[in-house]
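Residue strings, one per chain:
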Amino acid sequence: MGILHIPLKIKDITIKNRIMMSSMCMYTASTDGMPNDWHIVHYATRAIGGVGLIVQEATAVESRGRITDHDLGIWNDEQAEKLKRIVDICKANGAVMGIQLAHAGRKCNISYEDVIGPSPIKAGEHYKLPRELSIEEIKYIVKAFGEAAKRAHLAGYDVVEIHAAHGYLIHEFLSPLSNKRKDEYGGSIENRARFLIEVIDEVRKNWPQNKPIFVRVSADDYIEGGINIDMMVEYINMIRNKVDLIDVSSGGLLNVDINLYPGYQVKYAEAIKKHCNIKTSAVGLITTQELAEEILSNERADLVALGRELLRNPYWVLHTYTSKEDWPKQYERAFKK
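The rules we used
Residues numbered from 1 in each chain as written. Predicted model: local features only at pLDDT ≥ 70, side-chain atom pairs only at ≥ 80, totals over all residues. Heavy atoms only, no water. Buried < 20%, exposed > 50% of the residue type's maximum accessible area, 1.4 Å probe, protein only. Helix = DSSP H or I, 4+ residues; strand = E, 2+ residues; numbered from the N terminus. Pairing = 2+ DSSP bridges. Right-handed = clockwise from strand over helix to strand, strands pointing away. 1 Å grid on protein atoms, 1.4 Å probe; cavity = no way out; pocket = protein on both sides within 12 Å on 5 of 7 lines; lining within 4 Å. Points joined across faces, edges and corners; volume = space filled by probe spheres on them. Nonpolar A, V, L, I, M, F, W, Y, C, P; charged D, E, K, R; others polar. Salt bridge = Lys/Arg side-chain N within 4 Å of Asp/Glu carboxyl O. Core = buried A, V, L, I, M, F, W, Y, C linked by side-chain atoms within 4.5 Å. Contact = heavy atoms within 4.5 Å. Phe/Tyr/Trp six-rings, centres within 6.5 Å; stacked < 30°, edge-to-face > 60°.

A.B. asks: Would you mind going over the pairing of strand β12 (residues 279–283) with me for this structure?
C.D. replies: Within a regular beta strand, the side chains point alternately toward one face of the sheet and then the other, so they alternate between its two faces. Here β12 lies mainly inside the structure; four of its five residues are buried. Strand direction decides the pairing type here: strand β11 (residues 245–249) and β12, joined by four bridges, are parallel. By the bridge assignment, Asp 247 is partnered in β12 with Ser 281. On the question of chirality, the crossover connecting β11 to the parallel β12 by way of helix α7 (residues 266–276) is right-handed. With helix α8 (residues 289–297) bridging β12 and the parallel strand β13 (residues 303–306), this β-α-β connection has right-handed handedness.

As structure tokens, this is what we get:
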């Protein structure tokens, strides 16, 4: 058995193996942000399938923070109570349960919602022109992240992941391409990082000290003048003493062509781990046990995040075990000849 099945302890949370289910929107919630039976079955299946850490899909901290009107939300107590059912089932089946706290910013595609961003710059031709946030509104959204973290704790989540990637609101503040502000939230790299840092600090105030905070980032905008790995290393060095792991992705700010190949984003996780002295997770077309073991064994990342592969095969992790004893006892007959 390789490193894939060695537990990882972060703060007081122990993940039974090194496989994380990457946050993937299901676009299946009701229009008031509520989960339904689909979410219960979807997440519980991956817990039964052996995933060590499940990170729930982007869950909006306010109504206008959704990408579509079928995204999950955690901006009120009723949503949190419904989500608790998912948490309880997944944890009962051996998974550590995380939630990705998110705000879509200018990539909100809901016709009746107020579309906002750091600057009035569109995400693309099919998106609305966002309204520039005032400083008072920025402070309000920071508080919304904190309130969402408080609800997540009460619902039983073990990990919160702050979504600062893929062209959504926090990423929009970080990238020079989407943030043209002239106040304390724009201009210098320190100013562009201010919103993220304030969100992290507010989440930490509302989240137990013994539970981890992750941040998902896009380490490369793939556009000249945007974020690149050197700039992202600077950002991570600003926050590395405030968080416990960086979930390293890339792209999403604008629609660009990316050279995709198995493990194409691992180099970014490796660079951040090396230059920032912080735990990382690697994600991006990782589909085989061999590649996952290579990443972990060569200390290029501490967790391996699978996305689409776990949609295709919810039992991917179980198939990496060599003993039937590692499978759920209810499935023992699968090994009988």
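Now that the structure has been shown, the text picks up again.
A.B. asks: So what exactly am I meant to see when it comes to empty space enclosed by the protein here?
C.D. replies: Within the structure shown, the criterion is met by one cavity of 30 Å³ or more. The computed volume of the largest cavity comes to approximately 60 Å³. If you go around the largest cavity, you meet 13 residues; those closest to its centre are Ala 58, Gly 65, Ile 67, Asp 71 and Ala 102. With three residues, the single largest contributor to the lining of the largest cavity is strand β4 (residues 53–60). A class-by-class count of the residues in the lining of the largest cavity yields seven nonpolar, four polar and two charged.

A.B. asks: Any chance you could explain the pattern of salt bridges here in plain terms?
C.D. replies: Any two side chains of opposite charge can pair, on the condition that their charged atoms come close. In this structure the tally under the stated criterion is 21 salt bridges. Between Asp 114 and Arg 131 there is a salt bridge, with its nearest N and O atoms 2.5 Å apart. Of this pair, Asp 114 sits in the loop between β6 (96–102) and β7 (116–117) while Arg 131 sits in strand β8 (residues 131–132), placing them 17 residues apart in sequence. For Asp 114, a relative accessible area of 31% translates into the label partly exposed. For Glu 198, the salt bridge goes to Lys 139, with nearest N and O atoms at 3.1 Å. A residue pair is termed long-range when its members are at least 10 positions apart, and Glu 198 in helix α5 (residues 189–205) and Lys 139 in helix α3 (residues 135–155) qualify at 59 residues.

A.B. asks: Would you mind going over the nonpolar core with me for this structure?
C.D. replies: Soluble globular proteins: nonpolar side chains tend toward being buried together. One finds Ile 162, Phe 195, Val 215 and Ile 246 to be the most contacted residues of the largest nonpolar core, which totals 85 residues. With nine residues, the top contributor of residues to this core is α3. If we skip the residues at most four places from it in the chain, Ile 246 touches Val 215, Val 217, Ile 236, Ile 239, Ile 272, Ile 278, Lys 279, Thr 280 and Ser 281. Core analysis: the second largest hydrophobic core is formed by 14 residues, Met 20, Val 159, Leu 245 and Val 283 among them.

A.B. asks: Sorry, what's going on with the pairing of strand β10 (residues 213–218) here?
C.D. replies: Across the six residues of β10, six count as buried, placing the element largely inside the fold. Burial of β10 is two-sided: the residues Ile 213, Val 215 and Val 217 facing one way and the residues Phe 214, Arg 216 and Ser 218 facing the other way are all buried. Taken together, the five bridges between strand β9 (residues 159–164) and β10 define a ladder with parallel strand orientation. When the bridges of β10 are listed, Val 160 appears paired with Ile 213. Relative to β11, β10 runs parallel, the two being bridged by five bridges. Directly across from Ser 218, in β11, lies its bridge partner Ser 249. For the crossover from β10 across helix α6 (residues 229–239) to β11, the handedness is right-handed.

A.B. asks: I would appreciate a short explanation of the packing of aromatic side chains in the present structure.
C.D. replies: Note on aromatic pairs: each is described by the distance of the centres and the angle between the planes. Taken as a whole, this structure holds five aromatic pairs when the rule is applied. An angle of 40° between the planes, with centres 4.5 Å apart, marks the rings of Phe 173 and Phe 195 as tilted. Of this pair, Phe 173 sits in helix α4 (residues 169–174) while Phe 195 sits in helix α5, and the two are 22 residues apart along the sequence. Each member of the pair, Phe 173 as well as Phe 195, carries the same accessibility label: buried.

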